[in-house]
Amino acid sequence: MTEPTGALAGLRVLDATQMLAGPLAATRLGDLGADVVKIEPPLVGEFNRTHGFEDVRIHGEMSTFTAVNRNKRSLAIDLKNPESRGVVDDLVRGADVFLQNFRHGTGERLGVGYERLAAINPGLVYCSISGYGSTGPYRDRPGQDLVVQGYSGSMFSVGSAGDDPEPGALWAADVMTGYQAVIGILAALRARETTGRGQHVEVDMFSVVLDAQLQELVTFLNTGRAPTRTKERSAHASIPAPYGVYRTSDGWLTLAMSPLPALGEVLDDDWLRSLTDYNDGHTQKDVVYAAIRDRFTGRTTAEWLARCDAVNLWAGPVYDYADVAADPHANQTGTFVDQPSAVEGLMVRTVRPPLRLSDTPPAIRRGAPRLGADTREVLAELGYSDQRIDDLLVSRAVGEPLTASSLPG
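In this text the structure is predicted, and so the values were computed from the model without any measurement. (Residues numbered from 1 in each chain as written. Predicted model: local features only at pLDDT ≥ 70, side-chain atom pairs only at ≥ 80, totals over all residues. Heavy atoms only, no water.)

Caption draft 1: Up close: the sheet that holds strand β14 (residues 398–399). In spatial order, the strands read β8-β7-β6-β1-β2-β5-β14; together these 7 strands make up an open sheet with mixed pairing. With partners counted over all chains shown, the strands left at the sheet margins are β8 (200–204) and β14, one partner each. Two strands pair when backbone bridges link them, and strand β1 (residues 12–16) and strand β2 (residues 35–40) are joined in this way by 4 bridges, in the parallel orientation. Its bridge partner lying in β2, R12 is registered against D35. Helix-sheet contacts for helix α7 (residues 172–195) involve β6 (97–100), β7 (125–130) and β8, and the interaxial angle to β7 is about 160°. (Pairing = 2+ DSSP bridges. Helix = DSSP H or I, 4+ residues; strand = E, 2+ residues; numbered from the N terminus. Contact = heavy atoms within 4.5 Å. Axes fitted to C-alpha atoms, helices over the stretch in contact; angles between N-to-C directions.)

This is the structure:
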């Protein structure tokens, strides 16, 4: 076993999650030094091992799984097999965190619900990630990023009047939920230092996407004023013009919360220079958008950025992924790094953890594991003999990795 380093070194996390929010939360804990043991079914593994972007694989593993499962060891164990119950109990006794994103009631049916595991290890921090929480009429509904976006109200905050609802391309609901789970887990671990007890941390995607709209919702709940689309297309219905995206001669330009007189300097437009009240961007939103929509096609994006920078107007380019990969800031700040592949000796290009800690920096110690690659190692650490491990393998309560010849891809 590679000895963890980092702020969370010495902590063990049992990761019984799949897809994105849960695996990302566990990966971040691993980046920070925790020993993360990924618990997944033998033979098939978690959802993202077999479901990805157009079946794209890297060195035999699905790219989507590889992306969000680094810094983990894989224990292939069948939670539905009665022979696995004692193994799970032994794991829990030495664990600090148990992380799951089962549908409501599934953890209890599998014998890994909070009450049972807390009785085995009172110091355990147990984190449940779900779509809508453990109470309320939606608790049994599937929680998925796009579906939760639809519930959030946010799809009517972009575009123009008459447009269809506009979903976001980022997996924002999933990713924000994963990060909120990490915050809750760290808070519970800190409380345990005082109380000696673990606790149940619950995070649901629905609550997270509402929390991400505090400004809009506080405004609406207290005044009744909602983001209102206007005739002209904008990037957010509550933000004044010129907030949006504009075509240039060679690409696209974003303009953020920009004073209209400054935009007047950029476009050499006296009418814009005269709009000195911040609220003019609201009251004359359609007029401003209509007046400037096609004004940027005569110059390149770089030329417009230079003019915007000269008057401190917030602007930027619109990248595709090739542009992101070539971006000088991203490359000079070490954004793109290598992580080990599941295939020994090969590497996978990835994005570094987005945290910087001066004394205990995050690190990528290992890549996403092959299914069951660490089953024997983890069980041996529990004190299991080779014979007992062999017996569990025979009973199919646990599993080992596929042979190289049977790997997909």
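Caption draft 2: Layout of the side chain of E40. With respect to the helices and strands, the residue E40 is situated in strand β2. Classification of E40 by relative accessible area gives buried; the value is 1%. Polar side-chain contacts of E40 include one of 3.0 Å to the backbone nitrogen of E46. If we ignore the near neighbours within four places in the chain, the residues touching E40 are G45, E46, R49, F65, S74, L75, A76, I77 and L371. (Buried < 20%, exposed > 50% of the residue type's maximum accessible area, 1.4 Å probe, protein only. Polar contact = N/O pair within 3.5 Å; in protein donor to acceptor, adjacent residues only side chain to side chain.)

Caption draft 3: The arrangement of the pairing of strand β12 (residues 336–340) in detail. Where β12 meets strand β13 (residues 347–351), 5 bridges bridge the pair, whose relative direction is antiparallel. Counted as the bridge partner of Q339 is V348 from β13. Counted along the chain from β12 to the antiparallel partner β13, the turn is 6 residues long, and its residue G345 has a positive phi close to 90°.

Caption draft 4: Fine view of helix α10 (residues 260–267). Judged by how many residues are buried, α10 sits mostly within the fold: 6 of 8 residues are covered. Residues of α10 that are buried: L260, A262, L263, G264, V266 and L267. Those residues of α10 hidden inside the fold are in contact with β10 (252–255), α11 (270–274), α12 (280–283), α13 (285–292) and α14 (301–310).

Caption draft 5: Quick peek at the packing of helix α1 (residues 21–31) against α7. Look at α1 against α7: their axes get within 8 Å of each other, and the N-to-C directions meet at 45°. Relative to α7, α1 is oriented oblique. Regarding α1 and α7, the two cross each other, and that crossing is right-handed. Judged by residue contacts, A21, L24, A25, R28 and L29 of α1 engage D174, V175, T177, G178, Y179, A181, V182, I185 and L186 from α7. When grouped by side-chain class, the residues that make up the contact of α1 with α7 number 10 nonpolar, 2 polar and 2 charged. (Parallel < 35°, antiparallel > 145°, perpendicular 65-115°, else oblique. Left-handed = near helix turned anticlockwise from the far one by under 90°. Nonpolar A, V, L, I, M, F, W, Y, C, P; charged D, E, K, R; others polar.)

Caption draft 6: Just the sheet that holds strand β11 (residues 315–317), in detail. Taken in spatial order, the 3 strands line up as β9-β10-β11 in an open sheet, and their pairing is antiparallel. The sheet is open, and its two edges are formed by β9 (244–247) and β11, each paired on a single side. Strand-to-strand, the axes of this sheet are offset by a mean angle of 30°, without reference to chain direction. With 4 bridges joining them, β9 and β10 adopt antiparallel strand pairing. The partner of R247 across the bridge, within β10, is W252.

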